[in-house]
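Fold and contact review
For reference, the chains in residue letters:
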Amino acid sequence: MLTKTSTLSLTDQLAERFAERIRTRLLAPGSRLPSVRQCAQQQGVSPYTVVAAYDQLLAHGLVEARKQRGFFVRDLQSNKVLAGVNT
């Protein structure tokens, strides 16, 4: 559960929650993330908070945005090969 008393902002908490699920493959490559409105309602935060969290995931290369379709989990294995990244 997200908490306002954490040292991390709600945005950072939400982004980290999704990032962990992606890294551990609880969210498989190609999976669609909940819509901004749906996620905001589920987590009890504003849509702005969700958009900011999804933007963080985009910046870290964990998800991709598809116009008019939403946010989808990227395949981290192929990203490592293409980018030569070791994580």
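This report concerns the structure included in the present document.

Turning our eyes to something else, we now look at the pattern of salt bridges. Throughout the structure, instances matching the rule amount to two salt bridges. One salt bridge in this structure joins Glu16 and Arg23, with 3.5 Å as the shortest N-O distance. Between Arg66 and Glu64 there is a salt bridge, with its nearest N and O atoms 2.8 Å apart. By relative accessible area, which is 29% here, Arg66 ends up partly exposed.

With that settled, consider the nonpolar core. With 20 residues, the main nonpolar core has Leu14, Phe18, Ile22, Leu33, Val50, Tyr54 and Leu57 as its most contacted residues. Those elements that place two or more of their residues in this core are α1 (10-23), α2 (36-43), α3 (47-59) and β2 (70-73). Considering each element in turn, this core owes the most residues, five residues, to α1. Here Ile22 is in contact with Leu27, Leu62, Val63, Val73 and Leu76, once residues within four sequence places are set aside.

Turning our eyes to something else, we now look at the packing of aromatic side chains. Throughout the structure, instances matching the rule amount to two aromatic pairs. Ring geometry for Phe18 against Tyr54: centres 5.7 Å apart, planes inclined by 75°, an arrangement best described as edge-to-face. Pair noted here: Phe18 is in helix α1 and Tyr54 is in helix α3, with a separation of 36 residues, a long-range link. In this structure Tyr54 comes out as buried when scored by relative accessible area, which is 0%. Taking the ring centre of Phe72 as reference, the NZ or CZ of Arg66 above it sits at 4.0 Å.

As a further point, take α3. Since one α-helical turn is 3.6 residues long, residues separated by three or four positions face the same way. Spanning 13 residues, α3 covers 18 Å between terminal C-alpha atoms, matching the ideal 18 Å at 1.5 Å per step. Along α3, the residues that are buried comprise Thr49, Val50, Ala52, Ala53, Tyr54 and Leu57. Taken together, the buried residues of α3 touch α1, α2, β1 (63-66) and β2.

The subject of this paragraph is the pairing of β2. Strand residues, when the strand is regular, have side chains that alternate between the two faces of the sheet. Note that β1 and β2 share four bridges and pair antiparallel. The residue of β2 that forms the bridge with Arg66 is Gly70. Adjacent in sequence and paired antiparallel, β1 and β2 are bridged by three residues, among which Gln68 carries a positive phi angle near 65°.

Thresholds applied
- Residues numbered from 1 in each chain as written.
- Predicted model: local features only at pLDDT ≥ 70, side-chain atom pairs only at ≥ 80, totals over all residues.
- Heavy atoms only, no water.
- Salt bridge = Lys/Arg side-chain N within 4 Å of Asp/Glu carboxyl O.
- Buried < 20%, exposed > 50% of the residue type's maximum accessible area, 1.4 Å probe, protein only.
- Core = buried A, V, L, I, M, F, W, Y, C linked by side-chain atoms within 4.5 Å.
- Helix = DSSP H or I, 4+ residues; strand = E, 2+ residues; numbered from the N terminus.
- Contact = heavy atoms within 4.5 Å.
- Phe/Tyr/Trp six-rings, centres within 6.5 Å; stacked < 30°, edge-to-face > 60°.
- Lys NZ or Arg CZ within 6 Å of the ring centre and 35° of its normal.
- Expected span 1.5 Å × (residues − 1).
- Pairing = 2+ DSSP bridges.

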